[in-house]
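Secondary and tertiary structure notes
Each chain, letter by letter, is given below.
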Amino acid sequence: MTSLKLRTDEELYRRIRNGDQESVAVLYERHREPLYRYALHMSGNRSTAEEVTQEVFLRLIAPGGGFDDQRGSLEAYLFGIARNLLRRMRPAMSLEQAPEQMAEPDALRDLLQDETTAALYRAVQELPDAYREAVVLCDLDERSYEEAARLMDCPVGTVRSRLYRARALLGAKLRKASGRELAREQRDRLP
Amino acid sequence: MRELVEQARIGAPAGAELAAHLAACPNCAALWDTERELSARFRQIRQSVSAGDPSAGRKCILAQFQSQRRRTLWQRGFAWTLAPVAVLVLALVLLAPWHHPARRGSAVPANDVLSLSLPGWSGAAEDADSPEIGPEDSAGFLPVPFVPPLASGEAVRVERVELPQAALVCMGFAVEGVSQNAVTAEVVVGEDGLPRAVRLPDSLDMQDRDFYFN
Ligand SMILES: [Zn+2]
């Protein structure tokens, strides 16, 4: 197992295709958490995240699996599966949609006590897919632009501009939310 | 502007030049504060996430892998049992009077067709310890079992033939919903006229193929 941990994803995948179960376990350990976090922040829903993570691995080990190392890394392939699953599970959303039309994201409900941070997290869920993905990978998962570009299958410049645009939208919402909170605090202080 | 956002995003302090600009420009100062607040709140979100216990999920994946593996091994055994039948069908098709000679390709060195070196080519599928030489390394050709290996430098022909789907299944190709219909396949034929390898032409999606021999 220890020596397997030193193997690349692509080597482990080849071993899996030859029936090696330990390689499945090593790849699972390696990619489960990042995939879970990605699916969680993309969907805002814990059970969706669990379901997607599990389904990604089931597809990875399915007979005849479609991974081709000439076309990209195994990690990008796994994230691609997750992206497709999430798209199918989540109806298309746009910024025009009223926030109240969306289900309340349950992902961090118990953990985000701060109202403004919770509002920010909701605003992330309302972003268009491509912008949300840039925020999720670069800001919520602290990936470099290069890594995010590999996983998003687009140029680094595109990642950067999507991220800046997303942050500008989120910044505006944050100011609004902070303003509301400030007004409420002032109201509460009134006799 | 980009520098400002980037510095604020990573939580780095403003350099002397940027600090001087922020002091003089209320717009940029507001943007700087917002960006830094965004990053601080993202940090808070990151710290709130826990991926939970992996053991149940791992157990499920490994169990699924095991059951698939058992099924594949069974299918492989089944395929090898039927493989001689498939070879017979291939040989009969190649020798059949209706097999049109115009479909015959010209003879070329085996290496040009099967883009791999040939040691143990006909037995490659049996060699479980050589995972690097899979059928996909050989231009999509799957070796025909129970035939003598090609001689080094032997010329081969590629012929297009109509094969019963069942024969392809015996050869290890996954064919959706096996029926009585014939499928066009390409067969590598040695100088002795014996079939050595088979593949489905490119018109069929390579992704959908499943090689039981890998
Ligand atoms: Zn300015």
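Worth saying up front: this structure is predicted, and the values here are computed from it rather than measured. (Residues numbered from 1 in each chain as written. Chains lettered and ligands numbered in written order. Predicted model: local features only at pLDDT ≥ 70, side-chain atom pairs only at ≥ 80, totals over all residues. Heavy atoms only, no water.)

Considering the confidence of the model for chain B
All names here are of chain B. Condition: Every residue is assigned a pLDDT by the predictor, reflecting its confidence on a scale from 0 to 100. Residue contacts follow a heavy-atom distance rule, with two residues in contact if any of their heavy atoms lie within 4.5 Å.
The share of residues in chain B with pLDDT of 70 or more is 62%, and the mean pLDDT across the chain is 72. Predicted confidence for residues 116–137 stays below pLDDT 50, and this span has 35 contacts to residues more than four positions away or in other chains. The low-confidence segment residues 203–214 (pLDDT under 50) makes 38 contacts with residues lying over four places distant or belonging to another chain. Across the assembled chains, the prediction reports ipTM 0.85 with pTM 0.63.

Describing the packing of aromatic side chains
All names here are of chain A. We apply this condition: Aromatic pairing here means that ring centres of Phe, Tyr or Trp (its six-membered ring) are within 6.5 Å. Orientation follows from the plane angle: under 30 degrees is stacked, over 60 is edge-to-face, and everything else is tilted. Helix numbering and strand numbering both begin at the N terminus, where a helix is a DSSP run of H or I of at least 4 residues and a strand a DSSP run of E of at least 2. When a residue's accessible area, from a 1.4 Å probe over protein chains only, is under 20% of the maximum for its type it is buried; when over 50% it is exposed; and in between it is partly exposed.
In this structure the tally under the stated criterion is 4 aromatic pairs over all chains. A ring pair is formed by Y13 and F67, whose centres lie 5.0 Å apart and whose planes are at 80 degrees; its orientation type is edge-to-face. One end of the pair, Y13, is in helix α2 (residues 9–17); the other, F67, is in the loop between α4 (46–61) and α5 (74–89), and 54 residues separate them in sequence. Residue Y13 is classed as buried on the basis of its relative accessible area of 6%.

Let's talk about the packing of helix α3 (residues 21–43) of chain A against α5 of chain A
Residues and elements named next belong to chain A. The criterion, for reference: Each axis is a line fitted through C-alpha atoms, and for a helix only the stretch in contact is used; angles between axes span 0 to 180 degrees, taken between their N-to-C directions. Two helices that cross are described as forming a left-handed crossing if the nearer one is turned anticlockwise from the farther one by less than a right angle, and a right-handed crossing if clockwise. Amino acids outside the nonpolar list (Ala, Val, Leu, Ile, Met, Phe, Trp, Tyr, Cys, Pro) and the charged list (Asp, Glu, Lys, Arg) are all regarded as polar, and Gly is one of them.
Two elements in contact, α3 and α5, have axes separated by 10 Å at closest approach and are oriented at 35 degrees. Regarding α3 and α5, the two cross each other, and that crossing is right-handed. Two secondary-structure elements touch here, α3 through L27, H31, P34, L35, Y38, A39, M42 and S43 and α5 through L74, E75, L78, F79, A82, R83 and L86. Residue composition of the contact of α3 with α5, grouped by class: 11 nonpolar, 2 polar and 2 charged.

So, the environment of N18 of chain A
With respect to the helices and strands, the residue N18 of chain A is situated in the loop between α2 and α3. The exposure class assigned to N18 of chain A is partly exposed, which follows from its relative accessible area of 29%.

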